[in-house]
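Remarks on the overall topology
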Amino acid sequence: MVIAIGLEGSANKVGVGIIRDGEVLANCPQTYISPPGEGFLPRETAQHHREKIIGLVCEALTVSGISPHNIDVVCFTQGPGMGAPLIMVALVARIIAQIWNKSIIGVNHCIGHIEMGRLITKCNDPTVLCQWW
């Protein structure tokens with residue numbers, strides 16, 4: 001039985017989830033809402049993530065009923081995405097992995113979406129369309 005905590009923050013959403021053998025135990029997101037007409041900028045988005053991420057880790061642990069002792073691996077979005085928010089989330093993932101003495105795995109954002117879709121839909125061989133710029 002593998003229990004993973006995942007931290008995602010590649011754009012204006014930041015989230016923490018906990019999964020045990022394919023079962024979602026917690027999914028705790030927050031969205032950065034930019035001032036009207038500005039769009040979301042990397043620095044402000046990263047600051048939002050910094051302010052929210054620890055609370056989301058605590059919320060995910062509470063919702064899941066899992067303690068850090070039971071976590072097997074820390075995962076984080078490695079890219080693609082906005083640089084500053086990705087760095088913020090990667091930093092927090094590295095810190096908690098060190099504090100909790102856990103392995104850490106960087107996850108490709110696009111592959112994460114594909115695998116989460118497979119998990120939720122139970123589809124074994126999905127057709128995936130992806131546009132690369």
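You'll find the protein chain entered in an unreviewed UniProt entry as N(6)-L-threonylcarbamoyladenine synthase, with Gryllus longicercus given as the organism. Under the UniProt heading Catalytic activity (unreviewed entry), the entry covering the protein chain gives this text: "L-threonylcarbamoyladenylate + adenosine(37) in tRNA = N(6)-L-threonylcarbamoyladenosine(37) in tRNA + AMP + H(+)".

1. Things to note about a nonpolar patch on the surface
Taken together, the side chains of Val 24, Met 116 and Ile 120 make up a nonpolar region of the molecular surface, amounting to roughly 260 Å² of accessible area. Within the secondary structure layout, Val 24 lies in strand β3 (residues 23-31). Here Val 24 falls in the partly exposed class, since its relative accessible area comes to 40%.

2. So, the pattern of salt bridges
Overall, the coordinates contain three salt bridges when judged by the stated rule. Residues Glu 115 and Arg 118 are paired through a salt bridge, measuring 3.1 Å at the closest nitrogen-oxygen approach. Here Arg 118 and Glu 115 lie together in helix α3 (residues 109-121), a separation of three residues that amounts to about one turn. Residue classification places Glu 115 among the partly exposed residues on the basis of a relative accessible area of 40%. Residue Arg 118 is classed as partly exposed on the basis of its relative accessible area of 32%.

What counts, and where the lines are drawn
Residues numbered from 1 in each chain as written. Predicted model: local features only at pLDDT ≥ 70, side-chain atom pairs only at ≥ 80, totals over all residues. Heavy atoms only, no water. UniProt positions renumbered as here; feature names shortened; annotations may be inferred. Patch = residues over 30% accessible without salt bridge, like charges linked within 9 Å, V, L, I, M, F, W, Y side chains within 5 Å. Areas by Shrake-Rupley, 256 points an atom, 1.4 Å probe, with all protein chains shown as cover. Salt bridge = Lys/Arg side-chain N within 4 Å of Asp/Glu carboxyl O. Helix = DSSP H or I, 4+ residues; strand = E, 2+ residues; numbered from the N terminus. Buried < 20%, exposed > 50% of the residue type's maximum accessible area, 1.4 Å probe, protein only.

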